[in-house]
Structure formats: structure tokens, C-alpha cells
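Working through the structure, step by step
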Amino acid sequence: MWNFDISAAPRGKIVQRTVKVKDKDVTSDVFRPDRLILATKCGKVTTSQYIPDQKRWEFLATGEEPVAWQVWPSHPHAEAMP
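The structure reproduced in this document is the subject of the present report. From a predicted model like this one, the values you see are computed outputs, not experimental measurements. Per chain, the residues get numbers from 1 upward, laid out in the order the sequence is written. At least 70 in pLDDT is required for a residue's local features to be given in this predicted model, at least 80 for side-chain atom pairs to be given and counted, and no such filter applies to totals for whole chains, interfaces and linings, which use all residues. Here the side-chain values reflect all heavy atoms present in the structure, with hydrogen atoms and water set aside.

**Considering the pairing of strand β2 (residues 24-33)**
Strands pair, by our definition, only if DSSP identifies at least two bridges between them. A run of DSSP states H or I qualifies as a helix once it reaches four residues; a run of E qualifies as a strand once it reaches two. Both are numbered from the N-terminal end. The pairing of strand β1 (residues 12-21) with β2 spans 10 bridges and is antiparallel. Bridge pairing in β2 links K20 to D25. A loop of 2 residues connects β1 with β2, the two strands running antiparallel in sequence, and K22 in this loop sits at a positive phi of about 50°.

This is how it looks when you write it as C-alpha cells:
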């Protein structure tokens, strides 16, 4: 179902990621974007995610906003998968 309130579109969140660097665990904050389906003003529908550093949606120009959005669905067995 399309949502026309672009300000309500989920953009993602900051999560902590730990990696091993020279036998030490290094934890840092990384942005994990939410995957969405966007409808554009030119009649196209595309998957996208928010790019916070550029303050824009993937595949859209800076300053361009989608006209509607939907959450990208997860796999029906996603909870049971490792």
C-alpha cells in the first residue's frame, strides 16, 4: 500500500558493528539503511534507500523527493533463516 507522507518514510538507523583489526575488536557506528519502494513524479517505481551523507534518496537527484513509498517486503521465512 502506498504511503504519500514522505516525512514518515523509514530511512534507516545507526547500529554498532564490531570487526577484528590486528587481533583487536574494533566497534564503530554504521548507518544501516531501510530498503523502500519509491514512486517518482515522472511515473517510475524503483527500489531505493536513503543516503544520509548526501541527504537524498538513492536513484533520485539531490532535492528531488518521491511522491509515495512502500516498505520493501522481507522474505516470508526470514525469521526462521540464520
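**Remarks on the side chain of R56**
For R56, the location among the structural elements is in strand β6 (residues 56-57). At 7.6 Å, E58 is the nearest oppositely charged side chain to R56, a buried residue that forms no salt bridge. Of the polar contacts made by the side chain of R56, one reaches the side chain of Q54; its length is 2.6 Å. Under the rule applied, a polar contact is a pair of N or O atoms within 3.5 Å (in protein, one hydrogen donor and one hydrogen acceptor; residues adjacent in sequence only if both atoms are side-chain atoms). Here L60 takes part through its backbone oxygen, which lies 2.8 Å from a polar atom of the side chain of R56. Every residue in contact with R56, bar those within four places of it in the chain, is listed here: Q49, Y50, I51, A61 and T62. Remark: exposure states derive from per-residue accessible area (1.4 Å probe, protein chains only) relative to the maximum for the residue type, with buried under 20%, exposed over 50%, and partly exposed in between. Note that His is not counted, nor are the chain ends; the positive residues are Lys and Arg, and the negative ones are Asp and Glu. What counts as a salt bridge is simple: a side-chain nitrogen of Lys or Arg found within 4 Å of a carboxyl oxygen of Asp or Glu. Throughout, a residue-residue contact means that at least one pair of heavy atoms, one from each residue, lies within 4.5 Å.

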